[in-house]
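Geometric and topological summary
Residues per chain, in single letters:
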Amino acid sequence: MDSERWQQVQSLFEAALDQIPSNRITFLKVACREDVELYREVASLLESDQLVNSLVDGHALEALTYAGEPRAGAEEDDAQLGERVGAYRVLRRLGAGGMGVVYLAERADGHFEQQVALKLIKRGMDSERIVQRFLAERQMLARLQHPNIARLLDGGMTDDGRPYFAMEYVDGIPLPAYARENALGIRERLMLFERVCDAVQHAHRNLIVHRDIKPGNILVTRAGEVKLLDFGIARALEEDADAGVPLTDAGMRVLTPEYAAPEQVRGGAVTTQTDIYALGVVLYELLAGVRPLKLSSHAPAEVEAVVCHQIPRRPSLALLHAQASEAPDGATKKAAAQLKGDLDTICLMALRKEPERRYSSAGDLRSDLERHRQGLPVSAQPDAWRYRASKFGRRHRTLLLAAALFLLLLGAVVLSYTLRLSEARDAARLEASKADEATRFMVSLFDAANPHVAQGDTLTAFDMLRDGAARIEDELADQPDVQARLLRAVGDAYHGLGQYREAESLFEKALALVEVRQGRENEEALYLLSEIANIRHSLSDFAGEDSLTQFTLAIRERLYGPESAEVAATVLQRASNNRAMGRFDVAMPLYRRAVAIYERVDPPDERELAWTLNNYGWALHSQGLYDEAEVQYRRAEAIQREEFGDADPDLAFTLSNLGGLYWTTGRVTVGEPIVRESLAIRRNLYGEEHPETIQSLNNLAGLLFRKGDLDEAEAIYRKTLEINLATLGPRHRYVASALGSVASVLRERGDLEESERLQRESLAIYRELFGDDHQNVASARSNLGAILRLRGRPAEAEAELNAALAFWRAQAQTRIEMAFPLISLGLLTSEQGDPVVGEALLQEAVAIRTAQLPAGDLLISEARGALGRCLALQGRGEEARALLREALTAFDAAEKAEDRRAVELRTWLADIP
């Protein structure tokens, strides 16, 4: 086979690897058409490559031997299954390149268990020249010790004198494919790519250039670990005098054209900048989904013309034009907007034709990517003041919004002082002087946020707020009106950041200042009272909140009238507080009153109307009125999207609640994208640890739990527990909820002892907050009863389950939550010798779930399976078997055969005589 033919093989091999595995053979058949031999050559490469793509030498081009090298025996297998090579036993062949074969092998000397990728020179390819090159690769690998580079573990010589080496076995997929399959966002893709840069930088520090960086040589494992592989054509920057291993031969260059730098194509000097170019191509492809340059063939003239002279378009534009036949969708436009600017510039700098104009090192490329993620200026951009100031503004959005609020309030204060000039000139001059002093104070306070002053960029929003609050109290003590306004502004900022205790303290100090001069019957005092009440709600101090809202409602009704927007806000506050305490008979009329006021108020306040509809929907949701709740959520969502856009914080709240509704009612596939949208908005607005972000995370975990993704659900639940404990303290309802959620996951895993401990802790917190007559307490007792039944403690289980069931029976309507204690109690009663009573309970549970959940929901199958168990205990084997088999079929169809409930169903079925 001549060089041109193998270039054709190489091209198709690389193109096929870019396809998803299921499409590769179809793609190849279409590409080869009638050329059967071409199809067989590429198909054989794909077959050997299918398990661990990059453990092979990596290029079909390398199957070309150098001029004059022997090829005898290159087609035959070099080792048989079970054969020993050094300390290793061959398990199977993974693939082959030009000079080497790679096997999956295991340690066979009895010292320890270990699987490796064993690379061995092919028989017939062990000429002096090839052996020298192979040994050079092994020597280079021995110098590389980095967590993101596949490690060299061992090496030696076979009995017939051929060198081999054992590499870390990497079971992964190429980086771009991993990003696509896991739907990674831009930030997550950059973080993975930064690890690739770390690996390349390590190789460069050891004076080694990889020379063939491409997606097939960058694998990501299921655990998310990045590994750089295949130094088969790498070269040492320091020439070993005794190596004698040529890197190229006349007329033959080993490279992958799509990822080759211009100097490689021209046959010029290969340096670390060559790897920087290849990193740029991989980064471009990772972000835009296409390569920066398109080759229609590997003809040398075309490769040189395209690689050396064609300028790639910006990645953001390439992403938008990737599917020319279709208009970009919203997600694509959003991704392109994220690439525009810094990432466009970073990619194109790495891809510059002149090596000296690229990044000087892989570490510099990594640094720019990290700075971009952190919102800092990047070195690839011109060092213009406007650019640096815009980056500072995006990085400190919350801080600058708080600053703007400060200055706005200050402006109002200054204006109020100025208007008094007409009444008392001397007094006005004095007040203007004080306002001027306050202005100077504000300028000095925020001077540290100026990018010209804060060159080190060490201040955070919290630093600014903390220092500002202290200075307001110290330096404005002689101006109580200004001091109160500014303390309120700082309190608002703390409240928005989820720092409730700090906000409450500042609001109370501002309120004390206002009361001394104006009393409580004024809007400033009422605003502060309402904010303090809101914080007490967030901290689960419902009694404290209720007394404040009743007081402010009475005053506002007197000051503004019963149909005012000010009154509606306080009515909504009282409704939400009573809902949290489980007093729905008080809460529901208040919700309806607030909605009615906002629907009539003039001028209309769409934001407050939508917010009220969302809260009303949550109250309906909490009572099991799911259809009515969905109507209110959707009304709120429609207003928020139309009036305020798709990144609005109130919209995120509505979407989180709506997703929670779909979680409750088993519509998981509908709910998951809604909750993920809510989570994305909140992460962007508030960061990872804000209470509202945690609420969306918690709802996402609930949906994953219903899907059976226990690992991801548990990880999220534990994260929310950790953050809630740190931010809200140990005796908060959100902490109790997270504890109960983790307990439920552990129950499904069979860790019943730890599950019981966490569930009891959750129940204790709920009882402390709400007493015994509350739905959260009932749910916690139901879950505890289920755990106790599984632990074989029937008396304790029965007490908890009966208490929970009694609460749900007392509600005005049949709730879906009631099915949980009915099933556990029905099974417990049947197993304790009274299956007739148990049957009645289980029939009721089946009816509830069938009526309130979508057909095919596994919770229905769970209930029917439990009923089958009860019938079996009554000796009704035929009926029992039918129900249990039907339930198992549903679990198998949902690919949940290993689910705890499915295992339990199989056990029950096997017990039937």
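Look above for the structure.
What comes next is a walk through the structure. Numbering of residues starts from 1 in every chain and runs along the sequence as written. Under the rules for a predicted model, residues below a pLDDT of 70 receive no local features and side-chain atom pairs below 80 are neither given nor counted, while totals for whole chains, interfaces and linings still include all residues. For the side-chain quantities, the full set of heavy atoms in the structure was used; hydrogens and water were omitted.

**Looking at the overall build of the protein chain**
A tally of regular secondary structure across the protein chain gives 38 helices and eleven strands. Of all 913 residues assigned to the protein chain, the portion counted as buried reaches 53%. Within the protein chain, counting contacts between residues at least 6 apart in sequence, those at least 24 apart form 63% of the total. Residue burial considers only the protein chains on display, and all accessible areas are found by Shrake-Rupley using a 1.4 Å probe. Total accessible area computed for the protein chain in this model is approximately 40,200 Å², and 50% of it derives from carbon and sulfur atoms. Secondary structure elements are taken from DSSP: a helix is a run of H or I of four residues or more, a strand is a run of E of two residues or more, and numbering for both begins at the N terminus. Using a 1.4 Å probe on the protein chains alone, a residue whose accessible area is under 20% of its type maximum counts as buried, one over 50% counts as exposed, and one in between counts as partly exposed. The contact criterion used throughout is that any non-hydrogen atoms of two residues lie within 4.5 Å.

**A word on the sheet that holds strand 9 (residues 218–221)**
Each strand in a sheet pairs with another by means of backbone hydrogen bonds, the pair being arranged parallel or else antiparallel. Two strands pair under a simple rule: DSSP has to find at least two bridges between them. Taken in spatial order, the three strands of this open sheet run 7-9-10, and their pairing is antiparallel. This sheet does not close on itself; its edge strands, each paired only once, are strand 7 (172–174) and strand 10 (226–228). Strand-to-strand, the axes of this sheet are offset by a mean angle of 35°, without reference to chain direction. Summarising the sheet, strand 9 and strand 10 pair through three bridges and their orientation is antiparallel. If you follow Ile-218 over to strand 10, its bridge partner there is Leu-228. Interaxial angles span 0 to 180 degrees and are taken between N-to-C directions of axes, which are lines fitted to C-alpha atoms, for helices over the stretch in contact.

**Considering the pairing of strand 5 (residues 152–157)**
Sheet topology note: the strand 5/strand 6 (residues 163–168) ladder contains five bridges and is antiparallel. Bridge pairing links Asp-154 to Ala-166 in strand 6. From the end of strand 5 to the start of strand 6, which pair antiparallel, there are five residues, and Gly-161 there has a positive phi angle of about 85°.

**Structural notes on the packing of helix 25 (residues 626–644) against helix 26 (residues 649–664)**
Orientation of helix 25 relative to helix 26, taken along the N-to-C sense of each, is 155°, at an axis distance of 9 Å. In terms of their interaxial angle, helix 25 and helix 26 are classed as roughly antiparallel. In the packing of helix 25 onto helix 26, the handedness of the crossing is left-handed. For the pair formed by helix 25 and helix 26, the contact residues are Tyr-626, Glu-630, Tyr-633, Arg-634, Ala-636, Glu-637, Gln-640 and Arg-641 on the first element and Asp-650, Leu-651, Thr-654, Leu-655, Asn-657, Leu-658, Leu-661, Tyr-662 and Thr-664 on the second. Following the grouping adopted for this structure description, the nonpolar residues are Ala, Val, Leu, Ile, Met, Phe, Trp, Tyr, Cys and Pro, the charged ones are Asp, Glu, Lys and Arg, and the polar ones are all others, Gly among them. Of the residues that constitute the contact of helix 25 with helix 26, the class distribution is eight nonpolar, four polar and five charged. Here the word oblique covers every angle except those under 35 degrees (roughly parallel), over 145 (roughly antiparallel) and from 65 to 115 (roughly perpendicular). Handedness of a crossing is defined here by the sense of rotation of the near helix relative to the far one, left-handed for an anticlockwise turn of less than a right angle and right-handed for a clockwise turn.

**A look at the packing of aromatic side chains**
Put simply, two rings from Phe, Tyr or Trp (the six-membered ring, in Trp's case) pair if the centres are within 6.5 Å, and we call them stacked under 30 degrees between planes, edge-to-face over 60, tilted for the rest. Going through the model one piece at a time under the given rule, you end up with four aromatic pairs. Note on Trp-611 and Phe-653: the rings are 5.1 Å apart at their centroids and 75° apart in plane angle, and the pair reads as edge-to-face. With Trp-611 in helix 24 (residues 606–622) and Phe-653 in helix 26, this residue pair connects regions lying 42 residues apart in the sequence. Classification of Phe-653 as buried rests on a relative accessible area of 19%. Each ring is checked for a lysine NZ or an arginine CZ that lies within 6 Å of its centre and within 35 degrees of its normal; such an atom marks a charge sitting over the ring. Above the plane of the ring of Tyr-527 lies Arg-488, whose end atom (NZ or CZ) is 3.6 Å from the centre.

**Considerations on the pattern of salt bridges**
Salt bridges, as used here, are contacts in which a Lys or Arg side-chain nitrogen is within 4 Å of a carboxyl oxygen on Asp or Glu. Scanning the entire structure with this criterion turns up 58 salt bridges. Here Arg-749 makes a salt bridge to Glu-714, at a shortest N to O gap of 2.8 Å. Taken together, the residues span a long stretch of sequence, with Arg-749 in helix 30 (residues 733–749) and Glu-714 in helix 29 (residues 710–728) at a distance of 35 residues. We note a salt bridge from Arg-767 to Asp-772, for which the minimum N-O separation is 2.8 Å. One connected set of salt bridges, linked through shared partners, spans Arg-747, Glu-748, Arg-789, Glu-831, Arg-900 and Glu-904.

**Quick notes on the side chain of Ser-830**
By the secondary structure assignment, Ser-830 is in helix 34 (residues 819–831). On the basis of relative accessible area, Ser-830 is assigned to the buried category, the value being 4%. Excluding residues within four positions of it along the chain, Ser-830 makes contact with Pro-835, Gly-838, Glu-839, Cys-870 and Leu-873.

**Focus on the nonpolar core**
Only buried residues count toward a nonpolar core. Its members are Ala, Val, Leu, Ile, Met, Phe, Trp, Tyr and Cys residues joined through side-chain atoms within 4.5 Å. Within the largest apolar cluster, 69 residues are counted, with the highest numbers of intra-cluster contacts made by Leu-822, Ile-823 and Leu-905. The element best represented in this core is helix 30, accounting for eight residues. Among residues more than four places away in sequence, those in contact with Leu-905 are Gly-865, Leu-884, Ala-887, Leu-888 and Phe-891. Grouped together as the second largest cluster of nonpolar side chains are 61 residues, Ile-208, Ala-260, Val-307 and Ala-335 included.

**Points about helix 38 (residues 900–911)**
Over its twelve residues, helix 38 runs 17 Å from end to end, which matches the ideal 16 Å to within 8%, given 1.5 Å per residue. Three or more residues of helix 38 are buried, namely Arg-901, Ala-902, Glu-904, Leu-905 and Trp-908. Axial view of helix 38: buried residues confined to an arc of 160°, hence all on one face. Against helix 30, helix 32 (775–790), helix 34, helix 36 (858–873) and helix 37 (877–893) lie the buried residues of helix 38. The N-terminus of helix 38 is capped by Asp-899, whose side-chain oxygen sits 2.8 Å from the backbone nitrogen of Arg-901. Any helix carries an expected span of 1.5 Å times its number of residues minus one. Comment: arc refers to directions from the helix axis out to C-beta atoms. Whenever a nitrogen or oxygen atom comes within 3.5 Å of another N or O atom, the pair is scored as a polar contact, on the condition that within protein one atom can donate a hydrogen and the other can accept it, and that pairs from neighbouring residues in sequence are kept only if both atoms are in side chains.

**Remarks on unusual backbone geometry**
Following Asp-602, the chain continues to Pro-603 via a peptide bond in cis, the omega torsion being 5°. Take Pro-603: it is sitting in the loop between helix 23 (584–600) and helix 24. Phi at Ala-183 is positive, roughly 50°, even though this residue is not glycine. Position of Ala-183 relative to the elements: it lies in the loop between helix 5 (175–181) and helix 6 (186–205). Given the relative accessible area of 66%, Ala-183 is considered exposed. Residue Leu-207 is not a glycine yet carries a positive backbone phi of 60°. Position of Leu-207 relative to the elements: it lies in the loop between helix 6 and strand 8 (208–209).

**Section: the packing of helix 28 (residues 691–707) against helix 29**
The description of two packed helices rests on the angle between their axes and on the distance between the axes. At a minimum axis separation of 8 Å, helix 28 and helix 29 run at an interaxial angle of 155°. Taken together, helix 28 and helix 29 sit at an angle that is classed as roughly antiparallel. The interaxial crossing formed by helix 28 with helix 29 has left-handed handedness. Judged by residue contacts, Ile-694, Leu-697, Asn-698, Leu-700, Ala-701, Gly-702, Leu-704 and Phe-705 of helix 28 engage Leu-710, Glu-712, Ala-713, Ile-716, Tyr-717, Lys-719, Thr-720, Ile-723 and Asn-724 from helix 29. Class assignment for the residues of the contact of helix 28 with helix 29 results in eleven nonpolar, four polar and two charged.

**Re the pairing of strand 6**
Most of strand 6 is tucked away, with six of its six residues classed as buried. As judged from the five bridges shared by strand 4 (residues 115–121) and strand 6, these two strands associate in the antiparallel manner. The residue of strand 6 that forms the bridge with Leu-120 is Tyr-164.

**Concerning helix 21 (residues 542–560)**
For helix 21, which comprises 19 residues, the first-to-last C-alpha distance of 26 Å matches the rise-based estimate of 27 Å (1.5 Å per residue) to within 8%. Taken residue by residue, helix 21 has Phe-542, Gly-544, Glu-545, Asp-546, Leu-548, Thr-549, Thr-552, Leu-553, Ile-555 and Arg-556 as its buried positions. Lining the buried residues of helix 21 we find helix 20 (523–538), helix 22 (565–580), helix 30 and helix 31 (752–770). Directly after helix 21, the chain includes Gly-561, whose backbone phi takes a positive value near 95°.

**Re the environment of Arg-869**
By the secondary structure assignment, Arg-869 is in helix 36. Residue classification places Arg-869 among the buried positions, given a relative accessible area of 16%. For the pair Arg-869 and Arg-881, spaced twelve residues apart in the sequence, the C-alpha separation amounts to 8.7 Å. Among all residues touching Arg-869, those that are not within four sequence positions of it are Leu-827, Glu-831, Leu-884, Trp-908 and Asp-911.

**Here we look at the environment of Arg-24**
Along the polypeptide, Arg-24 turns up in helix 2 (residues 24–32). Considering only alpha carbons, one finds Arg-24 and Phe-13, eleven residues apart in sequence, at a separation of 9.7 Å. Those residues in contact with Arg-24, other than ones at most four positions away along the chain, are Ala-16, Leu-17, Gln-19 and Leu-46. Within the structure, the side chain of Arg-24 is placed 3.3 Å from the backbone oxygen of Ala-16, a separation counted as a polar contact.

**So, the environment of Asp-711**
Looking at the element boundaries, Asp-711 is found in helix 29. Between the C-alpha atoms of Asp-711 and Ala-701, which are ten residues apart in sequence, the distance is 9.9 Å. Polar contacts involving the side chain of Asp-711 include one to the side chain of Arg-749, which spans 2.5 Å.

Function cannot be read off these values alone, since they describe shape.
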